[in-house]
There are 2 protein chains.
Amino acid sequence: MANGLPDSGGNRANGRAPSEGAVPVGADRELPVLDLEPGRPAPVRERADAARNRMRVLKAAEKLFAETDARHVTMDEIAKAAGVGRATLYRRYPDPASIATALLDEHERQVQEHILSGPPPLGPGASPADRLAAFHVAMTDLLERHLHLVLGAETGSARFGTGAYRFWRLHVRMLLTEAGVPDPDAMTDAVLAPLAPEVYQFQRHTLGLSQARVTEALVWSARRLAGHDPGRA
Amino acid sequence: MANGLPDSGGNRANGRAPSEGAVPVGADRELPVLDLEPGRPAPVRERADAARNRMRVLKAAEKLFAETDARHVTMDEIAKAAGVGRATLYRRYPDPASIATALLDEHERQVQEHILSGPPPLGPGASPADRLAAFHVAMTDLLERHLHLVLGAETGSARFGTGAYRFWRLHVRMLLTEAGVPDPDAMTDAVLAPLAPEVYQFQRHTLGLSQARVTEALVWSARRLAGHDPGRA
DNA sequence: CGAGAACCGGACATGGTGTCCATATGGCTG
DNA sequence: CAGCCATATGGACACCATGTCCGGTTCTCG
């Protein structure tokens, strides 16, 4: 997975607000995430040792996020596990969340591409209700497979600063608009809210619900909200 | 507000899970929150200086939560602002969240009482759809008035450990069941998710939506989900 | 093959956490 | 009313995590 130079260029600047304003570092890339250039060869050619270390870091972080509570993974631990110094880590990533984001990036991008140009019902062509339902299926699938990373990357309010969230938001807003839902701007975040990683974790692991039940509940609710409405109030 | 000895007895033990299991301190009180005994006079009589200090702490914390980002309020700041030592704070509250919880407690309790025995549509007597709609109105009202406290108390996954959440969950689950919604256990948390303080804050202050729009979107969606369904799938 | 740039990681300063213990204070009893 | 004991108090301590800096090392290009 971490073989396609996932972040050599500048995709760590995807919008997490560290604390108060003050644009982090490289505030180019205004696009949500989405920047479909398969393999641009990095601005100045990455040094071999740097690449090797980045891979080690990514691999170690992946492991840590998976094996321990992703929300309490620390830069120190990652550095130790990867066998590099902390400063080396900070050179590339400002915090654990951005490492999780880097690991998550390609998976999210994949879903995004399917949404934009894949086959229906996830891609264009189906009815808004069907697309919204398919979106929920895809998202719960993503959550199920990479929950630890999502917990590491998009917890709490950080979620809303993510480039990924901007993308999901745009998409859902469009679907709700097409479906004729009253106030799409206000509805969108309500529709997206159950996909917060904390909610999914609570349902799956505290409540013990199966993935299928969670997914089906969301699908049902998607259809109910965006489906043809035979005379609503 | 903080005049009725809001927490002299033992309501700080309302279920926040600090990190990993290990029941905090006073694991009596298994009830959600709800413990309607107007003014039981505290186990052993609280010392006067203790009472005075607790009031000072509560007042200072309230101010801090309101004036600065509630999620970054620290025990140190509260102690300094209240003019007491840190250890004094720790004696009563394990972390800032539990202080926010204490401040929030009576407001939430009030809503809970209205739900249990107030007039319809919030209280018993109305249709499930109407009650769910009224619930959302009451909740957004609570969020609007005390967002800073909720952000301090129920952020991220902490929300789910709260006694309050258990109560809301029970109530919504019942309404959804009555309304004939398919899998209430899975639906409930999806319905509750948009009421997470981070979501509300994002809608109100990042997006700039009015309270009315947010509320109405939730009300619409509540009716849509729990309303009479002319032949659902 | 050598010079310069990029990278590395140990060390430092800072700030928050949670706990301990000697001291001060309040409430009860004789 | 005085004295005692339990409780409350807060300064100090040890720990952990964060970010940053700088001297030394390693790579790449000419």
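All values reported here derive from a predicted model rather than from experimental measurement. (Residues numbered from 1 in each chain as written. Chains lettered and ligands numbered in written order. Predicted model: local features only at pLDDT ≥ 70, side-chain atom pairs only at ≥ 80, totals over all residues. Heavy atoms only, no water.)

Comments concerning the overall build of chain A
- Secondary structure summary: chain A contains 10 helices and zero strands in total.
- Mapped in sequence order, the helices and strands of chain A form the string α-α-α-α-α-α-α-α-α-α.
- Put simply, chain A has 233 residues, and 50% of those count as buried. (Helix = DSSP H or I, 4+ residues; strand = E, 2+ residues; numbered from the N terminus. Buried < 20%, exposed > 50% of the residue type's maximum accessible area, 1.4 Å probe, protein only.)

Some remarks on the interface of chain B and chain A
- Contacts between the two partners involve 33 residues from chain B and, on the opposite side, 33 residues from chain A.
- Carbon and sulfur atoms supply 67% of the area that chain B and chain A bury against each other, a total of about 3,100 Å² over both sides.
- Taken as a group, B:Phe160, B:Trp220 and B:Arg224 account for 22% of the area that chain B buries against chain A, more than any other trio of residues on that side.
- Between A:Arg213 and B:Asp183 there is a salt bridge, with the nearest N and O atoms lying 2.7 Å from each other.
- The interface formed by chain B and chain A holds seven residue pairs in polar contact (both at pLDDT 80 or more) in total.
- At the level of secondary structure, the elements contributing two or more residues to the side of chain B that touches chain A comprise helix 7 (163–178), helix 8 (184–192), helix 9 (197–206) and helix 10 (211–226) of chain B.
- With seven residues, the single largest contributor to the side of chain B that touches chain A is helix 10 of chain B.
- A per-class count over the side of chain B that touches chain A returns 17 nonpolar, six polar and 10 charged. (Contact = heavy atoms within 4.5 Å. Buried area = accessible area lost by both parts, 1.4 Å probe. Salt bridge = Lys/Arg side-chain N within 4 Å of Asp/Glu carboxyl O. Polar contact = N/O pair within 3.5 Å; in protein donor to acceptor, adjacent residues only side chain to side chain. Nonpolar A, V, L, I, M, F, W, Y, C, P; charged D, E, K, R; others polar.)

Re the protein's contact with DNA strand C
- Around DNA strand C, a shell composed of 21 residues is seen, among which A:Arg47, A:Asn53, B:Arg47, B:Thr74 and B:Arg86 lie nearest.
- Within 4 Å of the protein, the contacting atoms of DNA strand C are drawn from sugar and phosphate to the extent of 57%.
- Between DNA strand C and the protein, one listed contact pairs a phosphate oxygen with a backbone N or O atom of A:Gly85 at 3.0 Å.
- Those elements giving two or more residues to the surface near DNA strand C turn out to be helix 1 (48–67) and helix 3 (86–92) of chain A together with helix 1 (48–67), helix 2 (75–82) and helix 3 (86–92) of chain B.
- At four residues, the largest contribution of residues to the surface near DNA strand C is made by helix 3 of chain A. (Near = heavy atom within 4 Å.)

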